[in-house]
Amino acid sequence: MAIINMKKISIRPVPFRAAWHNLRYWDYYLLIPYLLLCLTGIVMVYSASAGIEMQNGGSPRGYLIKQTLYAVLGCGCVFFFANLAMRYLRTRRFLKYSTFIMFGLLAIVLVVGRAVNGAKGWLSLGPINIQPAEFCKLYFILYLADRMARARQRGTHFLDSSAAVGPLMFAAIFLILILLQPDTGGFAINLAIIIVMLLACDFKWGYGIAIIVGGPTILYFLLEKAVESGLFHGGYRAQRFIAFMNPFGNASGSGSQLVNSYYAISNGGIFGVGLGNSIQKMGYLPEPNTDFIMSIASEELGLVGVSLILGLLLCLICRIILVGVRSRLLYQTLICYGTATFMMVETFFNIGGVLGLLPITGVTFPFISYGGSSMLVLSSAVGIVMNISIQQNKEQLQMGQPFLSAEGSGN
C-alpha cells in the first residue's frame with residue numbers, strides 16, 4: 001500500500017498566482033454541470049420575467065442583469081472557496097463568530113424582516129436583500145461537520161458524547177427561529193441536512209431509527225403547534241395548504257398558482273412551445289421566475305428540456321457524493337453529504353410543489369430560480385467541495401494515478 005505524506009498535501013493558504021496554477025487540479029465533473037446550470041438559470045430567468053416586466057412598465061432586462069450578477073458572484077465564490085485553506089473554516093474563532101452572526105440574523109429578521117409570500121424571512125441591507133435561512137444551510141454543514149469530526153478524533157461517537165449537546169441545542173434554536181418566520185421549506189431542508197449528517201457520522205440502528213422517525217415527528221409536532229397557535233391561521237401558508245388539497249376547487253384564488261402550473265406543464269408536452277413562447281408567464285402564473293420557474297421551463301422546453309436540467313443537477317449531486325465517498329477525512333465526507341442533501345431536498349420540494357405532490361413552500365430550484373442568497377450559498381458549497389476534490393487530485397498525482405477530474409475514475 002502506498003504511504004501518503006500528509007505534510008506535503010496539507011491544505012495551505014493559496015496565493016493569488018498559485019490559485020490560477022491550481023486550475024489544473026480542478027474537478028471538471030463538478031465545474032461543467034455547475035456552469036451549465038448557472039447559464040441555464042440566467043436564460044430561464046430572463047425568459048420568465050421579461051414579458052411580465054414589460055407589461056408592468058419595467059425593464060425587460062432587469063432580472064437578467066441581476067441574475068447574471070448573482071451568477072458571476074457565485075463563480076467568484078466557487079473560485080474563492082476552492083483555493084481557501086480549509087483549516088480556516090475549522091478555527092474556533094470562525095465557528096464562534098459565524099454562530100453569533102447566524103443567531104443575530106435569524107433573530108433580527110423576525111423583528112425587522114421584510115415579508116415575502118407570507119414569510120418574514122428577508123433582511124434589507126440598503127440595495128441588498130439577504131435570506132438568513134439560506135445561509136443557515138451552509139452554516140449547519142460546516143459547523144456540524146467540524147463538531148462531529150472532532151468527536152471522532154477523540155475516539156467517541158458524536159451522539160454518545162457531551163460534545164453533541166451544544167451543537168444540537170444551537171441547531172434546535174435556529175430551526176425554531178426559522179419556523180417562526182414562518183419558513184416551513186427552509187426549516188425542512190435544514191432539518192434534513194442535520195439528519196443526514198448525523199446518520200453519516202454515527203450510524204447505529206438504534207440512532208438511525210430514532211433520527212428517521214423522530215425528525216419527521218418533531219416536524220409534525222411543531223407544525224401542529226404552529227397551526228394551533230394561529231401562526232398559519234388565515235395567512236398565506238394556510239392558503240397554500242388549502243390549494244394543495246383542492247387546487248381546482250380554488251382555481252380563482254389560492255389554487256391559481258398550482259392550476260396554472262398544470263396548464264404550463266400540459267402546454268409544453270415533450271418538446272415545448274419554444275424558448276420565450278410561454279403563455280402562463282404572461283400574468284397567469286405569479287412570480288414565474290422564482291418558485292415556478294420549472295413550470296415555465298416545462299412549457300417552453302418540454303419534457304426533454306426539463307430532463308436535461310434535472311440530469312445536469314443529478315450529475316452534480318452524484319459527483320459531490322462521490323467526492324465525499326472517496327475522502328479519507330470524516331470532516332470532508334460530511335461536508336459533501338450535507339451539500340448533496342441540501343441540493344437534493346431543495347430540488348424535491350420545488351418539483352413536488354410544481355407538480356402538486358407537496359404543498360407549495362416557496363423553495364427555489366437550485367441555480368435556476370431567481371435569487372441572490374440561494375445562488376451565493378449554493379456556489380460557496382460547490383467551491384468547498386471543489387477544494388476537497390482538488391486535494392484528492394493532488395493525492396492521486398502523488399500516487400501516480402490519473403486525476404479524478406480528467407482521465408477517469410482515478411481508482
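Residues numbered from 1 in each chain as written. Predicted model: local features only at pLDDT ≥ 70, side-chain atom pairs only at ≥ 80, totals over all residues. Heavy atoms only, no water.

As annotated in an unreviewed UniProt entry, the protein chain carries the name Probable peptidoglycan glycosyltransferase FtsW and comes from Limosilactobacillus antri DSM 16041. Under Function (unreviewed entry), UniProt gives the following word-for-word description of the protein chain: "Peptidoglycan polymerase that is essential for cell division." A UniProt comment under Subcellular location (unreviewed entry) is attached to the protein chain, and it reads "Membrane". (UniProt positions renumbered as here; feature names shortened; annotations may be inferred.)

Observations concerning the overall build of the protein chain
Helix and strand counts for the protein chain come out as 14 helices and three strands. Here the protein chain holds 411 residues, and the buried ones make up 50% of them. Nonlocal contacts in the protein chain, meaning residues at least 24 apart in sequence, comprise 73% of its contacts between residues at least 6 apart. With the model as given, the accessible surface of the protein chain reaches about 18,900 Å², and the carbon-plus-sulfur share is 68%. (Helix = DSSP H or I, 4+ residues; strand = E, 2+ residues; numbered from the N terminus. Buried < 20%, exposed > 50% of the residue type's maximum accessible area, 1.4 Å probe, protein only. Contact = heavy atoms within 4.5 Å. Areas by Shrake-Rupley, 256 points an atom, 1.4 Å probe, with all protein chains shown as cover.)

Some thoughts on the packing of helix H4 (residues 62-82) against helix H14 (residues 372-398)
Remark: H4 packs on H14, axes separated minimally by 7 Å, with the N-to-C direction vectors making an angle of 25°. Taken as axis vectors, H4 and H14 run roughly parallel relative to one another. Read as a crossing pair, H4 and H14 show a hand that is right-handed. Two secondary-structure elements touch here, H4 through Gln67, Tyr70, Ala71, Leu73, Gly74, Cys77, Val78, Phe81 and Ala82 and H14 through Gly372, Met375, Leu376, Ser379, Ser380, Val382, Gly383, Ile384, Met386, Asn387 and Ile390. A per-class count over the contact of H4 with H14 returns 13 nonpolar, seven polar and no charged. (Axes fitted to C-alpha atoms, helices over the stretch in contact; angles between N-to-C directions. Parallel < 35°, antiparallel > 145°, perpendicular 65-115°, else oblique. Left-handed = near helix turned anticlockwise from the far one by under 90°. Nonpolar A, V, L, I, M, F, W, Y, C, P; charged D, E, K, R; others polar.)

Section: the packing of helix H3 (residues 28-55) against helix H12 (residues 293-326)
Where H3 contacts H12, the axes come no closer than 9 Å and their chain directions differ by 160°. One element, H3, and the other, H12, form an angle in the roughly antiparallel class. For the pair H3 and H12, the crossing hand works out as left-handed. Taking contact as the criterion, the partners of Tyr29, Leu30, Pro33, Leu36, Leu37, Thr40, Met44, Val45, Ser47 and Ala48 in H3 are, on H12, Ile293, Ile296, Ala297, Glu300, Leu301, Ile309, Leu312, Leu313, Leu316, Arg319 and Ile320. Residues belonging to the contact of H3 with H12 are distributed by class as follows: 17 nonpolar, two polar and two charged.

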